[in-house]
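# Structural overview
The chain contents come next:
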Amino acid sequence: YRSAEDFAKGHIKGAVNIDGTNPADWSTDNGVFMQKLTSQFSTSKKIFLYGKSGWSQTGLALPGRVARIWGSKNTVNLEGGYSSWEKNFPNEVEK
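To start, this report covers the structure provided alongside it.

## Here we look at the overall build of the chain
- Per the secondary structure count, the chain includes 5 helices and 4 strands.
- In the chain, the succession of α and β elements from N to C terminus is α-β-α-α-β-α-β-α-β.
- Over its C-alpha trace the chain gives a radius of gyration of 13 Å, about what one expects of a compact globule, namely 12 Å for 95 residues.
- Projected onto its principal axes, the C-alpha positions of the chain cover 35 × 25 × 25 Å.
- When the 95 residues of the chain are sorted by exposure, 35% land in the buried category.
- Look at the contacts in the chain between residues 6 or more apart in sequence, and 63% of them connect residues 24 or more apart.
- Surface summary for the chain: the accessible area is close to 5800 Å², and the carbon and sulfur share equals 51%.
- Positive and negative side-chain charges of the chain, numbering 12 and 9 respectively, have mean locations separated by a distance of 5 Å.

## Overview of the pattern of salt bridges
- Counted by the stated rule, this structure contains 2 salt bridges.
- The closest approach of N and O atoms between Asp 6 and Lys 52, which form a salt bridge, is 3.9 Å. Here the residue Asp 6 occupies a position in helix α1 (residues 4-9), and Lys 52 occupies one in the loop between β2 (47-49) and α4 (61-70), the gap between them amounting to 46 residues.
- Look at Asp 6 and you get buried, because its relative accessible area is 14%.
- The class of Lys 52 is partly exposed, set by a relative accessible area of 45%.
- Glu 86 serves as the salt-bridge partner of Lys 95, at 2.6 Å between the closest nitrogen and oxygen.

About the thresholds
- Residues numbered from 1 in each chain as written.
- Predicted model: local features only at pLDDT ≥ 70, side-chain atom pairs only at ≥ 80, totals over all residues.
- Heavy atoms only, no water.
- Helix = DSSP H or I, 4+ residues; strand = E, 2+ residues; numbered from the N terminus.
- Rg over C-alpha atoms; globule rule 2.2 N^0.38 Å.
- Buried < 20%, exposed > 50% of the residue type's maximum accessible area, 1.4 Å probe, protein only.
- Contact = heavy atoms within 4.5 Å.
- Areas by Shrake-Rupley, 256 points an atom, 1.4 Å probe, with all protein chains shown as cover.
- Lys, Arg positive; Asp, Glu negative; His and termini not counted.
- Charge placed at Lys NZ, Arg CZ, Asp CG, Glu CD.
- Salt bridge = Lys/Arg side-chain N within 4 Å of Asp/Glu carboxyl O.

Now the structure itself:
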């Protein structure tokens, strides 16, 4: 959900970024973001979603949209986003 530039500054090890900074890309179940997500990942696998420091007010719909497609058991919304992860697990980030 982060921009490519922001993701390059630091991310969780092994993370794959799909730029979702344009709400029009993920505002529908068949938007560009969701198409990229479903083409790259199996809905049978657990997926972790995170932004830089949580979800903006406009971005709050994204985890729910992904959960509808993946199922709530396979969707994890990383509370506090990358900033929280970096603070708590500094050895598990790539810069």
